[in-house]
Amino acid sequence: MSLAVGAGPSSSNMDNDEKKTPHEGEEEEENEDESSLHLGPQQTLEPEVKFLSVAIVAPDREDIVLAIPEDGKPDGLWFTLKEASHYRLKFTFQVSNNIVSGLRYTNTVWKTGVKVYSTKEMIGTFSPQLEPYTHEMPEETAPSGFLARGSYTAKSKFLDDDNKCYLEINYTFNIKKDWASAE
């Protein structure tokens, strides 16, 4: 009988434990129910940077606003610069989804297959917002002289700290004695 008596208290302890166990099990079941909702994988949203316009800003003339083709390859001649002219590039762009960190601009220019100019400029870090950002690059001076005039090819890129490219434009432009009359 002592076995039965001894089993009695431990059996009541087991009952207490069993009472706790289903309660804990219920919590686990509740957690399983929550996880079975399948809300989808958590993802960090990659920043999106969309360039709305590129403009050449020069004193004493209207801005030359350049259309940005979807494929980043303007057909034919994209623009003409006047030799020895002072100008700035102005970019208008929108940032969505997440912060874009360390956005920078790189530009490489070739004449007859020879690299003649290369630049890298930091634009900055931008948070998402509905209103577009506008950024003007430092002033540059177009080359001048007989040898400087003519046709050039160039590649411009906009990259972030992770080297993600948001826009790459391959284009041709001219440097002439005067601005093109159609522009």
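Residues numbered from 1 in each chain as written. Predicted model: local features only at pLDDT ≥ 70, side-chain atom pairs only at ≥ 80, totals over all residues. Heavy atoms only, no water.

The chain goes by Rho GDP-dissociation inhibitor 1 in an unreviewed UniProt entry, where it is assigned to Hibiscus sabdariffa.

Enquirer: A description of the layout of surface pockets should follow, citing residues and the corresponding values.
Expert: The space that makes up the largest pocket amounts to roughly 380 Å³. What lines the largest pocket is a set of 25 residues, and nearest its centre among them are Tyr87, Asn107, Val109, Tyr117 and Phe173. Contributing elements (two or more residues each) for the lining of the largest pocket: β1 (48-57), β3 (77-82), β4 (86-96), β5 (100-111), β6 (114-126), β8 (140-141), β9 (150-159) and β10 (165-176). Here the element with the most residues in the lining of the largest pocket is β10; it accounts for 4 residues. Grouping the amino acids of the lining of the largest pocket by side-chain chemistry returns 21 nonpolar, 3 polar and 1 charged. Counted as a void, the second largest pocket has a volume near 210 Å³. In this structure, the second largest pocket is lined by Val49, Lys50, Phe51, Leu52, Ile68, Pro69, Glu70, Tyr166 and Leu167. Those elements that place two or more of their residues in the lining of the second largest pocket are β1 and β10. Per-element tally for the lining of the second largest pocket: the top contributor is β1, with 4 residues. (1 Å grid on protein atoms, 1.4 Å probe; cavity = no way out; pocket = protein on both sides within 12 Å on 5 of 7 lines; lining within 4 Å. Points joined across faces, edges and corners; volume = space filled by probe spheres on them. Helix = DSSP H or I, 4+ residues; strand = E, 2+ residues; numbered from the N terminus. Nonpolar A, V, L, I, M, F, W, Y, C, P; charged D, E, K, R; others polar.)

Enquirer: Describe the nonpolar core, naming the residues involved and giving the relevant values.
Expert: Phe51, Leu81, Phe91, Phe93, Leu103 and Phe173 are the most contacted members of the largest nonpolar core, which has 36 residues in total. Elements represented by at least two residues in this core include exactly β1, β2 (64-66), β3, β4, β5, β6, β9 and β10. At 6 residues, the largest contribution of residues to this core is made by β10. (Core = buried A, V, L, I, M, F, W, Y, C linked by side-chain atoms within 4.5 Å. Buried < 20%, exposed > 50% of the residue type's maximum accessible area, 1.4 Å probe, protein only.)

Enquirer: Describe the pattern of salt bridges, and please don't skip the residues or the numbers.
Expert: Using the criterion set out here, one finds 6 salt bridges in the structure. Lys155 is the partner of Glu168 in a salt bridge, and the nearest nitrogen-oxygen pair spans 3.8 Å. Remark: Lys155 occurs in strand β9 and Glu168 occurs in strand β10; sequence separation between them is 13 residues. For Glu168, a relative accessible area of 29% gives the class partly exposed. Exposure remark for Lys155: the relative accessible area of 30% places this residue in the partly exposed category. One salt bridge in this structure joins Glu168 and Lys157, with 4.0 Å as the shortest N-O distance. Placement of the pair is Glu168 in strand β10 and Lys157 in strand β9, with a sequence separation of 11 residues. Note on Lys157: relative accessible area 26%, which makes it partly exposed. Sharing partners across several salt bridges, the network here consists of Lys155, Lys157 and Glu168. (Salt bridge = Lys/Arg side-chain N within 4 Å of Asp/Glu carboxyl O.)

Enquirer: I'd love a proper account of the environment of Ile99, names of residues and values included.
Expert: You can see Ile99 is positioned in the loop between β4 and β5. Since its relative accessible area comes to 47%, Ile99 is described here as partly exposed. Between the C-alpha atoms of Ile99 and Leu45, which are 54 residues apart in sequence, the distance is 9.3 Å. With residues near it in sequence (within four places) discarded, Ile99 still touches Pro47, Thr125, Phe126, Ser127 and Pro128. (Contact = heavy atoms within 4.5 Å.)

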